[in-house]
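The residues making up each chain are set out below.
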Amino acid sequence: MDILNCRICFWIDGRCYRKLSSTASIARSESNVQPERKTYGYEDEPGCALPKAAALRSGSNESISGQAKGFFRISLHVPQKFLPVICGGKHATRLKMEQETSTTIRIPPADSTDDIEITGTTEGSIESACLRIRSIMSRLRQRECFTHFICLPFNIQPLANYVDEFKETVLKTCSGRGLEASLFQSRQKLHLTVGMLVLLDNKECSEAKKVLDSCGDIVKEILGGQSLFVRVSGLEFMNDDATEVDVLYAKVTTFDSNSRPNDKLQQLVDQVARRFAQSGLLLEQPHSVKLHITLMNTKFREVRFATENTAEPPVRSPRISFDASNILKRNRDFNFGRVTVPSINIVVPHTCNKEGFYESLATLPLPKHNYTMPATTAP
């Protein structure tokens, strides 16, 4: 499926909703009725003209308001988790949409993996109903916890060894409130996060795989067959007070084979995130992906509150910040080395494969370097 084969785009709150020719194609009958092409005020968006559709049942060549007589149908995948909201109490939401859009919306049974089917007498009515359902799905998806995330793995040499050296140096030479070993990211799970995904069923997982595979053209355009060389050096934190830090991270920059800096990494991750946002699977679409590798995070802290009832699971404590001022004073320019990024992955959080990294749903390999990596000066 070509997820970029966009014939109709709807933009809501900065998000692009697309009608795809393969998964949401309008079926055609044997009548060969061809209604006129019509646009709906999206002429300024490239490729957003409404496509031709054909009637599902026999009809004449007469048209009403530019539309052919007959019925039109569209299929739309909606995760089972969202169907109760699409229907509403006693199907009130569905019935209201049907009445306001002059369509019939068939909801699959709870034990089915079938798509929603929308039938109407005009293309415009079907598109209106489809847009409303997609808008509801987008709102519901933003309320869900992420199930997967897109990342670049950095659990590679020499970076992993330098991260261990950094951890040892901090624990031995730096003092500060809240500093402890449990704050540090495992060397096996070092990564750069591109975006969070909400994939609620097998169809959405398959769709995410196809979206990642389609990013091959982005890789080819930006990297041109060359490897993605990065330098990991320097420390920063997420807030403005070095004594109240929740996340401490290493900065990442890219360079070419002649050690000249460039912005290829930023271009790559921004375009990949944008493509997943267009698919509707991304939890949120950042204006620009922040290039960072988390080294310390208070979410990793293993402190738990004791509970009076030992039969109940312990409750995790709220995040308690740590004082990173001494770490930054001594190690702000810490050099973690240069590495070649091997791939873009969709991974499952809170999992572990045999190498210690996250379990992978899909992987898009990046070009391998074809020259000797410039020597790295030890930190």
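Within every chain, residues take consecutive numbers counted from 1 along the sequence as written. Restriction of local features to residues with pLDDT of at least 70 applies here, the model being predicted, together with a cutoff of 80 or more for giving and counting side-chain atom pairs; totals for whole chains, interfaces and linings are based on all residues. As a convention, hydrogens and water are excluded, and side-chain values are obtained from all of the structure's heavy atoms.

Identification of the chain as Putative akap7 2'5' rna ligase-like domain protein from Ixodes ricinus is taken from an unreviewed UniProt entry.

### Digging into the pattern of salt bridges
Under the convention used in this document: Each salt bridge in this description consists of a side-chain nitrogen of Lys or Arg and a carboxyl oxygen of Asp or Glu lying within 4 Å of one another. A run of H or I in DSSP becomes a helix once it reaches four residues, and a run of E becomes a strand once it reaches two; helices and strands are each numbered from the N terminus. Categorising residues by exposure relies on relative accessible area from a 1.4 Å probe, with only protein chains included: less than 20% of the type maximum marks a residue as buried, more than 50% marks it as exposed, and the intermediate range marks it as partly exposed.
If you walk through the whole model with that rule in mind, you get 12 salt bridges. With a shortest N-O distance of 3.9 Å, Arg-73 and Glu-117 are connected by a salt bridge. Taken together, the positions of Arg-73 in strand 5 (residues 72–76) and Glu-117 in strand 7 (residues 116–120) put the pair 44 residues apart, joining distant regions of the chain. Judged by its relative accessible area of 30%, Arg-73 falls in the partly exposed class. Relative accessible area serves as the criterion here: at 22%, Glu-117 is assigned to the partly exposed category. Linking Lys-203 and Asp-115 is a salt bridge whose minimum nitrogen-to-oxygen distance equals 3.0 Å. In this pair, Lys-203 sits in helix 5 (residues 202–214) while Asp-115 sits in the loop between strand 6 (103–106) and strand 7, placing the two residues 88 residues apart along the sequence.

### Details of the packing of aromatic side chains
Test applied: Here a pair means two rings of Phe, Tyr or Trp (six-membered ring of Trp) with centres within 6.5 Å. Their orientation is stacked below 30 degrees between planes, edge-to-face above 60, and tilted elsewhere.
Enumeration according to the criterion identifies eight aromatic pairs in this entry. Here the aromatic rings of Phe-166 and Phe-334 are separated by 5.4 Å at their centres, their planes lie at 70 degrees, and the arrangement is edge-to-face. With Phe-166 in helix 4 (residues 159–173) and Phe-334 in the loop between helix 8 (325–331) and strand 16 (335–340), the pair connects residues that are 168 residues apart, well separated along the chain. In this structure Phe-166 comes out as buried when scored by relative accessible area, which is 1%. Residue classification places Phe-334 among the buried positions, given a relative accessible area of 9%.

### Some words on the nonpolar core
Here is the rule: What we call a nonpolar core is a set of buried Ala, Val, Leu, Ile, Met, Phe, Trp, Tyr and Cys residues that are connected through their side-chain atoms within 4.5 Å. Should any heavy atoms of two residues lie within 4.5 Å, those residues are considered in contact.
The biggest cluster of nonpolar side chains holds 62 residues, and the ones touching the most others in it are Phe-154, Phe-166, Phe-276, Ile-327, Phe-336 and Ile-344. Looking at which element gives the most residues to this core, the answer is helix 7 (residues 264–279), with seven residues. With near-sequence residues (within four places) excluded, Phe-166 lies in contact with Phe-184, Leu-235, Leu-248, Leu-295, Met-296, Ile-327, Asn-331, Phe-334 and Phe-336. With 20 residues, the next largest nonpolar core counts Phe-72, Ile-74, Cys-130 and Met-137 among its residues.

### So, the sheet that holds strand 7
The line we're drawing: For two strands to be treated as a pair, DSSP must find at least two bridges joining them. Working convention: axes come from line fits to C-alpha atoms, limited for helices to the stretch in contact. Angles between N-to-C directions cover 0 to 180 degrees.
Pairing is antiparallel across the open sheet formed by three strands, whose spatial order is 5-7-6. Sheet topology places strand 5 and strand 6 at the edges, where each strand pairs with a single neighbour. Across the sheet, the mean angle separating the axes of adjacent strands is 15 degrees when strand polarity is ignored. Lying on the sheet, helix 3 (residues 123–143) is in contact with strand 5, strand 6 and strand 7; it crosses strand 5 at an angle near 15 degrees.

### Re helix 2 (residues 92–101)
Worth spelling out the cut-off: The arc under discussion is defined with respect to the helix axis, by the directions toward the C-beta atoms.
Buried residues of helix 2: Arg-94, Met-97, Glu-98 and Thr-101, and no others. Viewed along the axis of helix 2, the buried residues span an arc of 100 degrees, placing them on a single side of the element. The inward-facing, buried residues of helix 2 contact helix 1 (83–87), strand 6 and helix 3. Note on helix 2: the residue one or two positions beyond its end, Ser-102, has a positive phi of about 55 degrees.

### Examining the confidence of the model for the chain
For the record, the criterion: By definition, pLDDT measures how confident the predictor is in each residue, and it falls between 0 and 100.
Across the chain, pLDDT averages 80, with 74% of residues at or above 70. This model gives residues 21–68 a pLDDT under 50, and the stretch forms 103 contacts once residues within four places in sequence are excluded. Confidence drops under a pLDDT of 50 for residues 370–379, and excluding neighbours within four residues, the segment shows 22 contacts in the predicted structure.

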